[in-house]
Amino acid sequence: MGDMGLLGGERDGVLSVAGEVVGRAELAARARGVAGRIGGAKSVAVRATASVDTVVAVVGGLLAGVPVVPVPPDSGPAELAHILGDSGAELLVGAGDYGLPTVPVTGDFSGGLPEPSDDATALILYTSGTTGAPKGVMVSRAAVAADLDALAEAWAWTADDVLVHGLPLFHVHGLVLGVLGALRTGSGLVHTGRPTPEAYAAAGGSLYFGVPTVWSRVVESGAAEALRGARLLVSGSAGLPAPVFDALAAASGHRAVERYGMTETLITVSARHDGERRAGQVGLPLRGVQTRLVGEHGEAVPHDGATPGELLVRTPTVFQGYLGRPEATAEALRDGWFHTGDIATIAPDGWHRIVGRASTDLIKSGGYRIGAGEIEAALLAHPAVREAAVIGTPHADLGEQVTAFVIADGVTAADLIDFVARDLSIHKRPRTVHFVDSLPRNALGKVQKKLLPS
Ligand code: MLC
Ligand code: AMP
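Criteria and cut-off values
- Residues numbered from 1 in each chain as written.
- Chains lettered and ligands numbered in written order.
- Predicted model: local features only at pLDDT ≥ 70, side-chain atom pairs only at ≥ 80, totals over all residues.
- Heavy atoms only, no water.
- Helix = DSSP H or I, 4+ residues; strand = E, 2+ residues; numbered from the N terminus.
- Buried < 20%, exposed > 50% of the residue type's maximum accessible area, 1.4 Å probe, protein only.
- Contact = heavy atoms within 4.5 Å.
- Areas by Shrake-Rupley, 256 points an atom, 1.4 Å probe, with all protein chains shown as cover.
- Lys, Arg positive; Asp, Glu negative; His and termini not counted.
- Charge placed at Lys NZ, Arg CZ, Asp CG, Glu CD.
- Near = heavy atom within 4 Å.
- Polar contact = N/O pair within 3.5 Å; in protein donor to acceptor, adjacent residues only side chain to side chain.
- Domains from an automatic or database assignment.
- Salt bridge = Lys/Arg side-chain N within 4 Å of Asp/Glu carboxyl O.
- Buried area = accessible area lost by both parts, 1.4 Å probe.

Attention now moves to the overall build of the chain. Assigned secondary structure in the chain consists of eleven helices and 26 strands. Its C-alpha atoms give the chain principal-axis dimensions of about 65 × 50 × 45 Å. Residues counted as buried form 56% of the 454 residues belonging to the chain. Partitioning the intrachain contacts of the chain with sequence separation of at least 6 by distance along the chain shows that 66% fall at a separation of at least 24. As displayed, the chain has an accessible area near 17700 Å², and 53% of this comes from carbon and sulfur atoms. Taking the 37 positively charged and 48 negatively charged side chains of the chain as two groups, their mean positions are separated by 1 Å.

Encoded structure:
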């Protein structure tokens, strides 16, 4: 289906983004208008603010079979230049000042549109690796459709639901699940602009999505009580701490459904609407997904619920590769198995628990994936910085925070945080900068991050 099942059907549920309401017929007409003007482009960029325009632009790209590159609106200049250059985006759809020819998100189109193949790239999502600049993750139309259908089944997500969330529209959670999922299932959508507890409490939906930081704030603020009438509260993008799971259950009456995924694989493991919910565990593989654990040398690790191993997934929702990076793709995707870099246990009854990450160089802060290498490179670009090491350290609200250790003279922490902020988006800024005389290194000179104080 050219529209991926996003626009059809007899659906009249509300679609509201940051206070702006759009009817499905109007969304379809505007998206066709975009599609009619971008056909043939290699890819198109969208400044992915929380807005109806972003939804129109993304759906327009899907209708045209043109890969969409959602750009974080707070991207700093270095990040923005990288995303635009690396993706080769030829047009900007909607508002923004990217130095590209711009296509408006208004207007109509009555001509014919192509029928893109299932393996056409739907989205190119930029995500951080352990080193270097973010990589473009190519996600196919088929992967998006398969994931949304598997989630709809696991969560009994239908046109009778009203989905509420306020997550950013440039990542899998907010965009693929939170917008395309609502469109494909036909559910209503109330995007709250930002994921504040007050807005969640006021929205009156049936299905709620949040990252753990959001659920923790919902509990802290007292807003959880207002969610009693909901059907399902879903948490993901980082581990939901068991105390938050318990406090949310006590205050809202809902044991949250936790699910696990990655940009590269979409969502692969989840608790079910009609099944158990276990604090600290992420559930069972979704329909069509296989998982297994391997040790450091690739040996099989028993699924005994106790022995940790690296989690591998084989799934119809897997990405098509990192744009322009065949070696990185081959490293991550071997014999059809994606190596997640997450350390997990699998119990004999199939329940998965994520216990950590293989690398200290990937940080999850507020559900954002942040590569230490990218921040180290930004710090090292400052003339006063001689050495830098960045790690994630525990943070009560964000799960982890970005913490930098630097060897530098004549600068303050605030100088360095501002310096990084000039280049990168807000959540990548270090929250704490420690000035040190030396960094712990091994005999080969590599920084031993595990020895840095957290
Ligand atoms: C942030 N601020 C800083 C700062 N970092 N100020 C100084 N130094 C820093 N280092 C500012 C912010 O701009 C904000 O200002 C204020 O401090 C509060 O910031 P915050 O504590 O980070 O809160 P907030 O901005 O409210 O963000 C929390 C959050 C956000 C939970 C809303 O982290 C978020 O939206 N996370 C979702 C990430 C996500 O969607 N991930 C999914 C990836 S896909 P001001 O002025 O703006 O208030 C994926 C796959 C899967 O993972 O499984 O889903
Ligand atoms: P991203 O690429 O931003 O999609 O981040 C993917 C990473 O988020 C995974 O590799 C995990 O480390 C983490 N993640 C996502 N969901 C969960 C979860 N429910 N529990 C623990 N970690 C999670």
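What follows deals with the site of ligand 1. Neighbouring ligand 1 are 21 residues; Ser237, Arg259, Lys364, Gly366 and Gly367 lie closest to it. In the environment of ligand 1, an oxygen atom lies 3.0 Å from a nitrogen or oxygen atom belonging to the side chain of Arg217. Between ligand 1 and the protein, one listed contact pairs an oxygen atom with a side-chain N or O atom of Arg259 at 2.7 Å. Protein chains shield 73% of the accessible area of ligand 1, which is 1100 Å² for the free molecule. Listing elements by their share of the shell around ligand 1, those giving two or more residues are helix H5 (172-185), helix H7 (212-221) and strand E13 (257-262). Of the residues that make up the shell around ligand 1, three or more belong to each of domain 1 (1-356) and domain 2 (366-451).

Glancing now at the site of ligand 2. Close to ligand 2 lie 16 residues; Arg259, Thr263, Asp342, Lys364 and Arg369 are nearest. The separation between an oxygen atom of ligand 2 and a polar side-chain atom of Thr263 is 2.9 Å. Between ligand 2 and Arg357 there is a distance of 3.0 Å, counted from an oxygen atom to a side-chain nitrogen or oxygen. Protein chains shield 91% of the accessible area of ligand 2, which is 490 Å² for the free molecule. Within the residue set of the shell around ligand 2, elements represented by two or more residues are E13 and strand E21 (352-357).

Scanning all chains against the criterion turns up 20 salt bridges. The partner of Glu331 in a salt bridge is Arg334, and the shortest N-O contact between them spans 3.8 Å. What makes Glu331 exposed here is its relative accessible area of 51%. Here Arg334 falls in the partly exposed class, since its relative accessible area comes to 39%. In this structure, Asp342 and Arg357 form a salt bridge, with 2.8 Å as the shortest nitrogen-oxygen distance.

Another aspect to go through is the domain arrangement of the chain. Annotation of the chain at the domain level lists domain 1 (1-356) and domain 2 (366-451). Each of domain 1 and domain 2 was reduced to a C-alpha centroid, and the two centroids are 28 Å apart. Taken residue by residue, the interface counts 24 residues in domain 1 and 18 residues in domain 2. Taken together, both faces of the contact between domain 1 and domain 2 bury some 1500 Å²; the carbon and sulfur share is 42%. Three residues, Asp74, Glu79 and Ser128, lead the burial of domain 1 against domain 2; their summed loss comes to 32% of the area buried on that side. In this structure, the connection of domain 1 to domain 2 is made through three salt bridges. Ionic pairing is found between Asp397 and Arg217, a salt bridge with its closest N-O pair at 2.6 Å. The interface formed by domain 1 and domain 2 contains ten residue pairs in polar contact (both at pLDDT 80 or more). Secondary structure elements with two or more residues in the side of domain 1 that touches domain 2: helix H3 (77-87) and H7.

Quick look at the environment of Gly96 now. On the secondary structure map, Gly96 appears in the loop between strand E5 (91-93) and strand E6 (102-103). For Gly96, a relative accessible area of 41% gives the class partly exposed. Residues Gly96 and Leu240, 144 residues apart in the sequence, show an inter-C-alpha distance of 35 Å.

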